[in-house]
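The chain contents come next:
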2 protein chains.
Amino acid sequence: MSNIREVARVAGVSVATVSRALSHPEKVSPASMKKVKQAIEEVNYRPNMLARNFRSAKAYSIVVLVPDIANPFFSLVIRAIEDQAQKRGYAVLLGDTQDSGAKEKEYIRLVETRLADGIIQLRPHSPDAPTNKALGLPYINLCGTEDTPGPCIRIDNVLASKNMVDYLISLDHKRIGIITGLRGNPHTMDRMKGYKQSLAEAGIEFDERLIAEGEYSIWSGVNAANKLCGLDKPPTAIMCMNDEMAIGAVQSLKSHGYAVPQDISVTGFDDIDYARYCDPPLTTISQPAEDMGKIAVDLLLRLIEGEELSKEEHVLPYDFIVRKSTDKAKEG
Amino acid sequence: MSNIREVARVAGVSVATVSRALSHPEKVSPASMKKVKQAIEEVNYRPNMLARNFRSAKAYSIVVLVPDIANPFFSLVIRAIEDQAQKRGYAVLLGDTQDSGAKEKEYIRLVETRLADGIIQLRPHSPDAPTNKALGLPYINLCGTEDTPGPCIRIDNVLASKNMVDYLISLDHKRIGIITGLRGNPHTMDRMKGYKQSLAEAGIEFDERLIAEGEYSIWSGVNAANKLCGLDKPPTAIMCMNDEMAIGAVQSLKSHGYAVPQDISVTGFDDIDYARYCDPPLTTISQPAEDMGKIAVDLLLRLIEGEELSKEEHVLPYDFIVRKSTDKAKEG
DNA sequence: TTGTAAGCGTTATCAA
DNA sequence: TTGATAACGCTTACAA
């Protein structure tokens, strides 16, 4: 494979001139430029970026850590990250952790060993995650919560959740079930907080029995809804902490003979593509996935370029989307 | 940041010994090993992989080109690719092309400039794609068709499609509509071929009017189904070339007052997660996404390591999955 | 504007 | 088993 020396030889100039022609064209005379270009053509030269990166001590790549790339909401965000990163000249290293601390660690090592310049992590902050010990590395948290230390980009989950319950209450619902994520998950805690706030404001007593724990998968939504169906007095509305669980819940309710929304209203969270096409289409919260991804990249690159952002927080607006999965409560 | 020289100095050995201690531990005496390990701890040394890669002229990373990461089937495959690549010591650079030739080119350049060692592309072969001109680079095609040149991993789309139509015919369907992808797409062509084969074998005449063109999105499935609904004699079954279009079709049929499957049967392709949870759950073809991803990585690494695989083809088995979206035809 | 040459951190060759 | 040293391809002072 041809290298810069070869080009210099063919062009009849020095390697420095070739290097300059490529990186700082303004510092090279038109005559040299032409010779260099011709030589590059002639020997079919492709700069060795491995050498350039090594020399400049930058990898021009960022790691994106995600618990599961198959989650449709995450893949939307990642698509935006990839796009913006490429525009800014960075490659995206995909780190699908599957919630494994070991995998997470390996990706952190990529940054420690200079193979990547920084990390964007999609998931709420967790105090015992390896990413916390790697502090000092350029790191941006995406989709986190208020408790996330360092720069983060998110929506206000408490508020969004409260909005949703407020809306259900405005439809005269009083027994509002909730299908949560795992108890310790910060999203779960935030969204639960909004749920409780809304109930409290409306003077509705909080009822422990109306809570069913899931873990953000469709299947867990089915199970949780089964549990709520089995109550003496099932809820007239169920708020789910994401769309997948809502889709599972709807399926479960139907199989138990309940019509959605006539008998029971169901709501989701995230507004993934399928929220719009399932039956009935889901009332849900839409997070600005594309903006989040783009902002995350821009912020991370500022960190990589040495800027200090100690606690920059971007709380983005969300959309409240009403579709057909919610209706007036049957009973007063 | 500390380097190998620093470690050598602290350990009181030469840089060569430190390097060997890390890469070829068996060539180092226990005594030196111990000193090196201590020194590494002491100065908190992390090898600079940028330098290692440069020196060894390998990036230890592969590019995965995908038309759209938000497609659930692709994300399943990518998850498997990431997992296997990490196990083999390679990083995955995500290239979401959005069907843009320009983006595709930039990722090919990553390989040409040594920043990546090879490419796995998820999508059928297309004669005018930039990836074809980049021949000579380690390249594996995934989810392609029979026409794909070079090593590829796929299922037999013609056969799978024929199986599906055979099944519908066995349920007494005779007017079987088909919602296709874009006409020129090799998957579309293969699956259409299977459709026609099955009809021909059953002695059912091919009817141009029963074809509706989509482009593999939910929305296009809605549109295509709208068209089929408008026929004088709508089909009694509709085979869709992927699950997304099937989900869209089901929604359209319902909104036109048709019950699925009582009035019209619908089938999908790919068996994405939602196929199982939509209403009704889809009869579909399941592709072995995980095996495909794993095999692709193993094959690509063989190419990267210099092996010749000129035309290795892996045609994997698929599963035929019967769920509730198909039923006996109403009329004889 | 151009060329010479040092140096980035590692690995590998060779000699001891 | 170890150490000295050249080399990988590029960028960039510095000198001309």
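Per an unreviewed UniProt entry, chain A is named Transcriptional regulator, LacI family, and its organism is Saccharophagus degradans.

Chemist: Looking at this structure, I do not really get the packing of aromatic side chains. What am I missing?
Modeler: The geometry of an aromatic ring pair is captured by two quantities: the separation of the ring centres and the angle between the planes. Residue and element names in this part refer to chain A. Per the stated rule, a full pass over the model turns up 10 aromatic pairs over all chains. Ring centres 5.5 Å apart and planes at 55° place the aromatic pair Tyr60 and Tyr90 in the tilted group. Within this pair, whereas Tyr60 is found in the loop between helix H4 (49-56) and strand S1 (61-66), its partner Tyr90 is found in the loop between helix H5 (72-87) and strand S2 (91-96), the two being separated by 30 residues in sequence. Overall, Tyr60 belongs to the partly exposed group, its relative accessible area being 24%. Lying over the aromatic face of Phe206, Lys196 brings its terminal NZ or CZ to 4.8 Å of the ring centre.

Chemist: Looking at this structure, I do not really get the pattern of salt bridges. What am I missing?
Modeler: Where charged atoms from two side chains of opposite charge come close, those side chains can pair. With the rule as written, the count across this model stands at 42 salt bridges over all chains. The partner of Asp68 of chain B in a salt bridge is Arg79 of chain A, and the shortest N-O contact between them spans 2.9 Å. Taken as a pair, Asp68 of chain B in the loop between strand S1 (61-66) and helix H5 (72-87) and Arg79 of chain A in helix H5 lie in two separate chains rather than in one. Across the pair Asp279 of chain B and Lys254 of chain B runs a salt bridge whose closest N-O atoms are separated by 3.8 Å.

Chemist: Before we go on, may I ask you to explain the protein's contact with DNA strand D in this structure?
Modeler: Every one of the 26 residues lining DNA strand D counts as a neighbour, but Ile4, Tyr45 and Arg55 of chain A together with Ser29 and Ser32 of chain B are closest to it. The sugar-phosphate portion of DNA strand D accounts for 56% of its atoms within 4 Å of the protein, the bases making up the rest. Within the side chain of Ser29 of chain B, one N or O atom sits 2.5 Å away from a phosphate oxygen of DNA strand D. Here Arg55 of chain B contributes a side-chain N or O atom positioned 2.8 Å from a base nitrogen of DNA strand D. Those elements that provide at least two residues to the surface near DNA strand D are helix H1 (4-11), helix H2 (15-23) and H4 of chain A together with helix H2 (15-23) and helix H4 (49-56) of chain B. Across the surface near DNA strand D, the residue classes break down as 11 nonpolar, nine polar and six charged.

Chemist: Would you take a moment to explain the nonpolar core for this structure?
Modeler: Note on soluble globular proteins: their nonpolar side chains tend to be buried together. By size, the foremost hydrophobic cluster in this structure holds 156 residues, and its most contacted members are Ile62 of chain A together with Ile62 of chain B. Setting aside residues up to four positions removed in sequence, Ile62 of chain A forms contacts with Ile81, Ala85, Tyr90, Ala91, Val92, Leu93, Gly118, Ile120, Val297, Leu300, Leu301 and Ile304 of chain A. One finds Leu65, Leu110 and Val111 of chain A together with Leu65 of chain B within the second-largest nonpolar core, a separate group that totals 30 residues.

Chemist: Where do I start with the pairing of S1 of chain B in this structure?
Modeler: Both faces of the sheet carry side chains from a regular strand, because those side chains alternate between them. Residues and elements named next belong to chain B. Counting buried positions along S1 yields six of six residues, so the element is predominantly enclosed. Of the two faces of S1, the one carrying Ser61, Val63 and Leu65 and the one carrying Ile62, Val64 and Val66 are both buried. Assessed by its sense of winding, the connection that carries the chain from S1 through H5 to strand S2 (residues 91-96) is right-handed. As paired elements, S1 and strand S3 (residues 118-122) share four bridges and run parallel to each other. The residue bridging Val64 from the neighbouring strand is Ile120, located in S3.

Chemist: I keep staring at the environment of Leu93 of chain B and nothing clicks. Help me out?
Modeler: Looking at where Leu93 of chain B falls in the secondary structure, it is placed in strand S2. Residue class for Leu93 of chain B comes out buried when judged on its relative accessible area of 4%. Sequence separation between Leu93 of chain B and Leu300 of chain B is 207 residues, and the spatial gap between their C-alpha atoms is 14 Å. In contact with Leu93 of chain B, other than residues within four places in its own chain, are Ala91, Val92 and Leu93 of chain A together with Ser61, Ile62, Val63, Val64, Leu110, Leu115 and Ala116 of chain B.

Chemist: Help me understand the packing of helix H10 (residues 218-229) of chain A against helix H11 (residues 243-255) of chain A in this model?
Modeler: Axes are the key here: two packed helices are described by the angle between their axes and the distance separating the axes. Residue and element names in this part refer to chain A. Running from N to C, H10 and H11 cross one another at 45°; their axes reach a closest spacing of 7 Å. By the angle between their directions, the pair H10 and H11 is classed as oblique. The two elements H10 and H11 cross, and the hand of that crossing is right-handed. Seen from H10, the contacting residues are Ile218, Ser220, Gly221, Val222, Ala225, Asn226 and Cys229; seen from H11, they are Glu244, Met245, Gly248, Ala249, Gln251, Ser252 and Leu253.

What counts, and at which threshold
- Residues numbered from 1 in each chain as written.
- Chains lettered and ligands numbered in written order.
- Predicted model: local features only at pLDDT ≥ 70, side-chain atom pairs only at ≥ 80, totals over all residues.
- Heavy atoms only, no water.
- Phe/Tyr/Trp six-rings, centres within 6.5 Å; stacked < 30°, edge-to-face > 60°.
- Helix = DSSP H or I, 4+ residues; strand = E, 2+ residues; numbered from the N terminus.
- Buried < 20%, exposed > 50% of the residue type's maximum accessible area, 1.4 Å probe, protein only.
- Lys NZ or Arg CZ within 6 Å of the ring centre and 35° of its normal.
- Salt bridge = Lys/Arg side-chain N within 4 Å of Asp/Glu carboxyl O.
- Near = heavy atom within 4 Å.
- Polar contact = N/O pair within 3.5 Å; in protein donor to acceptor, adjacent residues only side chain to side chain.
- Nonpolar A, V, L, I, M, F, W, Y, C, P; charged D, E, K, R; others polar.
- Core = buried A, V, L, I, M, F, W, Y, C linked by side-chain atoms within 4.5 Å.
- Contact = heavy atoms within 4.5 Å.
- Right-handed = clockwise from strand over helix to strand, strands pointing away.
- Pairing = 2+ DSSP bridges.
- Axes fitted to C-alpha atoms, helices over the stretch in contact; angles between N-to-C directions.
- Parallel < 35°, antiparallel > 145°, perpendicular 65-115°, else oblique.
- Left-handed = near helix turned anticlockwise from the far one by under 90°.

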